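# Breakdown of the fold
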Amino acid sequence: MASKANADYAITADSLYGKARDNTFSGVMSFMRRKYTKDITGADVVVWGIPLDTSVTNRSGARFGPQAVRRASAIFDNDPQYPFNLDLFKNLAVADYGDCQLAYSRVWENPERIETEAAELIANGAYLLSLGGDHFVTWPLLKAHAEKYGPLALIQFDAHQDTWADDGEEISHGNFVTRAVREGIIDPDRSIQIGIRTHAPEDFGIEIIYGDELEEMSSEEVADQIKQRVGNMPCYLTFDIDCLDVASAPGTGTPVAGGPSSAKMLSVIRKLGSLDIKGSDVVEVAPAYDHADMTAIAASTIALYMLGIRAERLLGD
Ligand SMILES: [Mn+2]
């Protein structure tokens, strides 16, 4: 007889560990069926959605990103997760905290709302894995992380540098890097951007691997260059889904052709486990422009890899 207790693991789980038994096509859609809870006691990782898309320059819709990524993540069933060959949730306690409660009419309040809530979520040392939302959200996330961990090296997978001018008042997805450099939150000399294939007026000395260079490099070479740059500095990993080629990720607000495949970038992330990554995000998934969930699946797999290298690191400790 089927047990009710095995369904809807997101709300029936009695711990932050363990395997869900839901069918991939049904049930409550938390990220990878992790327990949906506001009690993050004992969590190694907190997954959190930030459905903000009021600061985009082109197509809006990333407010539906967290929903789409959670739904796509249901495809990861109970088998050991490739390529880690691990039950990630045997040793890694992961909570899905739901979404940030944003103000759609008092948008100027949102940066502080995000930062304040993020600070609470990481206060006890949990690793925060955030699902955007547009790339503005990385600004308050970086602030909260730097407040706790000090200045950070930034690892940014992106088609855009996000270094546009900023007067300190703007809510824009194109200048979080400008602010983070100006306020000393990231160290540009230890930071690196991967997949860039647009021009911006500033680079602040941040190292760049351009889209055409990626094409010529192996994933090993890319990962080595990142590790060389970051060294042992505490770092933050942000993955703008538009880093991927439009063929791998059409469902995003500012797509750019000529980017890498999901296969190559996943392979790079897999090799970053030795870095002292304090938190990460996957942003700019806009499912209204997606086809067959391909962008959402790519994004949820990137988030899975972020958990995977975290789980491996925990096992290594
Ligand atoms: Mn970006």
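Residues numbered from 1 in each chain as written. Predicted model: local features only at pLDDT ≥ 70, side-chain atom pairs only at ≥ 80, totals over all residues. Heavy atoms only, no water.

### Things to note about the overall build of the protein
The condition is simple: Secondary structure is summarised from DSSP: a helix means a run of H or I of at least four residues, a strand means a run of E of at least two, and numbering begins at the N terminus for each. In this treatment the radius of gyration is a C-alpha quantity, and the globule benchmark scales as 2.2 Å times the residue count to the 0.38 power. Relative accessibility under 20% of the residue-type maximum defines a buried residue, over 50% an exposed one, and the middle range a partly exposed one, all with a 1.4 Å probe and only protein chains included. In this analysis, two residues are considered to be in contact whenever any of their non-hydrogen atoms come within 4.5 Å of each other. For the area figures, the Shrake-Rupley method with a 1.4 Å probe applies, and any residue is considered shielded solely by the protein chains shown. For this count, His and the chain ends are skipped, Lys and Arg are scored as positive, and Asp and Glu as negative. Note on charges: their place is set at NZ of Lys, CZ of Arg, CG of Asp or CD of Glu.
A tally of regular secondary structure across the protein gives 10 helices and nine strands. Computed over C-alpha atoms, the radius of gyration of the protein comes to 18 Å, within 12% of the 20 Å expected from 2.2 N^0.38 for 317 residues, which places it in the range of a compact globule. Along the longest, intermediate and shortest principal axes, the C-alpha atoms of the protein span 65 × 45 × 40 Å. Counting all 317 residues of the protein, 55% fall into the buried class. The contacts of the protein with a sequence gap of at least 6 include a subset with a gap of at least 24, amounting to 75%. Accessible surface, the protein: about 13000 Å² in total, of which carbon and sulfur atoms supply 49%. Side-chain charges of the protein comprise 28 positive and 47 negative groups, with the mean position of each set lying 7 Å from the other.

### Description of the sheet that holds strand β8 (residues 235-240)
Applicable threshold: For two strands to be treated as a pair, DSSP must find no fewer than two bridges joining them. Helix axes are fitted only over the stretch in contact, all axes being lines through C-alpha atoms; the angle between N-to-C directions runs from 0 to 180 degrees.
Read across the sheet, nine strands follow the order β1-β3-β2-β4-β9-β8-β5-β6-β7 without closing on themselves; strand pairing throughout is parallel. The outermost strands of the open sheet, each flanked by one partner alone, are β1 (35-36) and β7 (207-210). As paired strands, strand β2 (residues 45-50) and strand β3 (residues 94-99) are joined by four bridges and run parallel to one another. Bridging across to β3, Gly 49 finds its partner in Asp 99. Sitting on the sheet, helix α2 (residues 65-72) is in contact with β1, β2, β3 and β4 (127-132), with an inclination near 110 degrees to β4.

### Overview of the packing of aromatic side chains
Basically, it comes down to this: Each Phe, Tyr or Trp ring, with Trp reduced to its six-membered ring, pairs with another whose centre is within 6.5 Å; inter-plane angles below 30 degrees give stacked pairs, above 60 give edge-to-face pairs, and intermediate values give tilted ones. Geometrically, a charge over a ring is one whose NZ (Lys) or CZ (Arg) sits within 6 Å of the ring centre while staying within 35 degrees of the ring normal.
Inspection of the entire model under this criterion finds two aromatic pairs. Taking 5.3 Å as the distance between ring centres and 75 degrees as the angle between the ring planes, the aromatic pair formed by Phe 84 and Tyr 305 counts as edge-to-face. With Phe 84 in the loop between α2 and α3 (88-91) and Tyr 305 in helix α10 (residues 294-316), this residue pair connects regions lying 221 residues apart in the sequence. Taking relative accessible area as the criterion, Tyr 305 reaches 7% and is therefore assigned buried. Taking the centre distance of 4.8 Å and the plane angle of 15 degrees together, the rings of Phe 157 and Phe 239 count as stacked. Placement of the pair is Phe 157 in strand β5 (residues 153-157) and Phe 239 in strand β8, with a sequence separation of 82 residues. For the pair shown, Phe 157 and Phe 239 are each scored as buried. One Lys or Arg, Arg 34, reaches over the ring of Phe 89 and ends 3.7 Å from the middle of that ring.

### So, the packing of helix α4 (residues 110-122) against helix α5 (residues 138-149)
A pair of packed helices is captured by two measures, namely the crossing angle of their axes and the spacing between those axes. Which entries qualify depends on this criterion: When an angle is under 35 degrees it counts as roughly parallel; over 145 it counts as roughly antiparallel; between 65 and 115 it counts as roughly perpendicular; any other value is oblique. The hand of a helix crossing depends on one turn: near helix anticlockwise from the far one by less than a right angle means left-handed, and clockwise means right-handed. Classes in brief: Ala, Val, Leu, Ile, Met, Phe, Trp, Tyr, Cys and Pro nonpolar; Asp, Glu, Lys and Arg charged; the others, Gly included, polar.
Two elements in contact, α4 and α5, have axes whose closest approach is 8 Å; the angle formed by their N-to-C orientations is 40 degrees. Considering their axes alone, α4 and α5 lie oblique with respect to each other. Taken as a pair, α4 and α5 cross one another with a handedness that is right-handed. Facing Pro 111, Ile 114, Glu 115, Ala 118, Ala 119 and Ile 122 of α4, the residues of α5 in contact are Pro 140, Leu 141, Lys 143, Ala 144, His 145, Lys 148 and Tyr 149. Grouping the amino acids of the contact of α4 with α5 by side-chain chemistry returns nine nonpolar, one polar and three charged.

### Considering the pairing of β5
Counted residue by residue, β5 has five buried out of five residues, so it is predominantly covered. Burial along β5 is two-sided: the face carrying Ala 153, Ile 155 and Phe 157 and the face carrying Leu 154 and Gln 156 are both buried. Direction of pairing for β5 relative to β8: parallel, over a ladder of five bridges. Within β8, the position partnered with Ala 153 by the bridge is Cys 235.

### Quick look at helix α9 (residues 262-270)
So the rule is basically this: What the arc describes is the spread of directions from the helix axis to the C-beta atoms.
Every buried residue of α9 is listed here: Met 265, Leu 266, Val 268 and Ile 269. Axial view of α9: buried residues confined to an arc of 155 degrees, hence all on one face. On the buried face of α9, the contacting elements are β5, β6 (192-196), α7 (211-216), α8 (219-230), β8 and α10.

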